[in-house]
Each structure stands twice: as structure tokens, then as C-alpha cells.
Amino acid sequence: MPSDLEIALSRISPDDAGEVLTVQRAAFASEALIYGTADMPPLTQTLDELRAELADANGWVARVGPRLVGAIRYRETDDLLLIGRIAIAPDLQGFGIGRALLGAAERDSRAPEAELFTGSLSEANVRLYESCGYRIADRVDQGDGTTQLFMRKQLDTTSR
């Protein structure tokens, strides 16, 4: 796969639900293997649930040509951009798609700070988020030998 992918970003919509669900399930399958369970919301979410969520969701999708290859969803309060469900097609992970989607969400926000979370065993995710300026702000023991890591980043509100 070339390192100079032409990634096109656009706002997420309910029309993207089928493609987003496909990418989400493919992306989170590797997480299921790491954690030894497929019982996680990104894998159990139905198409109807996702369609309903996207009706009023904020987010972006990434495409390479006509193919949807990544998605990010988020909510925003006055104080915090809450980022969730970042999903990148497994064959294109490591090509800057996640970084591009994070950047789009951050630029779209008026909040002074962003937060996301990942599991302690998701080392590639932690490396990506740290390389994008996120730092571990809180750790929540899951009682199964893993920890949920909440990571935060100050956002530059002066350029908005």
C-alpha cells in the first residue's frame, strides 16, 4: 500500500451506516482478540442502532477513492470534546487515517480540551494518541487485569 494515500474526509451521515459498521467491526475484531472477548459495543452494535446514532452524531469519515476506510464520532460539551469509536480499516492502519480523523474532530471543536479512551492492552492505539499529543489522565481498573485509559489533550482554541 502506498504511503501517499489520498484521504478524503467528509462529515459522517446516516447514509454511511453500512460502510461504517463494516469498518468498525473489522477494526475492533483485533481488539476482541487482544482482550479475549467479542462482547464489546463496537462489535455488538446493530445496523439499526448505528443508523439511529448517526442521525444526530458529529463525526467524520475517511475515504480512499470510493472506499470508506475510517470513521470517528464525537460529542461536545462547553468544556470537553469527547471522542469515541475511531475505526480504521485494518489493511490501512498506520497510514495516517486515524491522525487525519482526530485532527478533523479537534479542528471542528470549540472545547478547550479533548478526551478519548482505550484499553491498556491496545498499545498501538496508545502510541497513536500519545503521538497526537494525548496524555493519560486517568486509569480505571476493569477487574480483569486490564485498565481503561482515559487520555486528554489541550486544544488550541486561539486559531478558531
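Residues numbered from 1 in each chain as written. Predicted model: local features only at pLDDT ≥ 70, side-chain atom pairs only at ≥ 80, totals over all residues. Heavy atoms only, no water.

Let us look at the pairing of strand E6 (residues 135-141). Relative to strand E7 (residues 147-154), E6 runs antiparallel, the two sharing 6 bridges. Bridging from a neighbouring strand, Ile-136 pairs with Met-151 of E7. Linking E6 back to E7 in an antiparallel pair, the connection comprises 5 residues, with Gly-143 at a positive phi of about 75°. (Pairing = 2+ DSSP bridges. Helix = DSSP H or I, 4+ residues; strand = E, 2+ residues; numbered from the N terminus.)

Here we come to unusual backbone geometry. Residues other than glycine seldom take positive phi values, yet Arg-85 does so here, at roughly 50°. Inspection of the secondary structure puts Arg-85 in strand E4 (residues 81-88). By relative accessible area, which is 24% here, Arg-85 ends up partly exposed. (Buried < 20%, exposed > 50% of the residue type's maximum accessible area, 1.4 Å probe, protein only.)

Let's shift gears to the confidence of the model for the protein chain. On average, the protein chain scores 91 in pLDDT, and the residues at 70 or more come to 96%. At the level of individual helices and strands, the protein chain shows its lowest average pLDDT in helix H2 (residues 41-44), which scores 87, and its highest in strand E1 (residues 7-11), which scores 97. (pLDDT = per-residue confidence, 0-100.)

So, on to the sheet that holds strand E2 (residues 58-64). Here we have 7 strands laid out as an open sheet, ordered E1-E2-E3-E4-E5-E7-E6, and mixed in their pairing. The sheet is open, and its two borders are formed by E1 and E6, each paired with just one other strand. Across the sheet, the axes of successive neighbouring strands diverge by a mean angle of 25°, strand direction being ignored. In this structure, strand E3 (residues 67-76) lies alongside E4, joined through 6 bridges in antiparallel fashion. Across the sheet, residue Arg-73 finds its bridge partner in E4, namely Gly-84. On the sheet, helix H4 (residues 97-108) packs against E1, E2, E3, E4, strand E5 (113-119) and E7 and is oriented at approximately 35° with respect to E3. (Axes fitted to C-alpha atoms, helices over the stretch in contact; angles between N-to-C directions. Contact = heavy atoms within 4.5 Å.)

Let us now look at the side chain of Asp-16. Relative to the helices and strands, Asp-16 resides in the loop between E1 and helix H1 (17-35). In this structure, Asp-16 is in contact with Arg-11, Leu-54, Val-61, Arg-63 and Leu-68, ignoring residues within four places of it in sequence.

Moving on to the nonpolar core. Residues Ile-72, Ile-83, Ile-86, Ile-97, Leu-102, Leu-116 and Tyr-134 are the most contacted members of the largest nonpolar core, which totals 27 residues. For this core, the secondary structure elements donating two or more residues are E2, E3, E4, H4, E5, helix H5 (123-131) and E7. It is H4 that contributes the most residues to this core, 5 residues altogether. Once residues lying within four places of it in the same chain are set aside, the contact partners of Ile-72 are Ile-12, Asn-58, Gly-59, Trp-60, Ile-83, Gly-84, Arg-85, Ile-86, Leu-101, Leu-102 and Ala-105. Counting residues in each nonpolar core, the second largest holds 16 residues, with Leu-21, Met-40, Leu-50 and Val-61 among its members. (Core = buried A, V, L, I, M, F, W, Y, C linked by side-chain atoms within 4.5 Å.)

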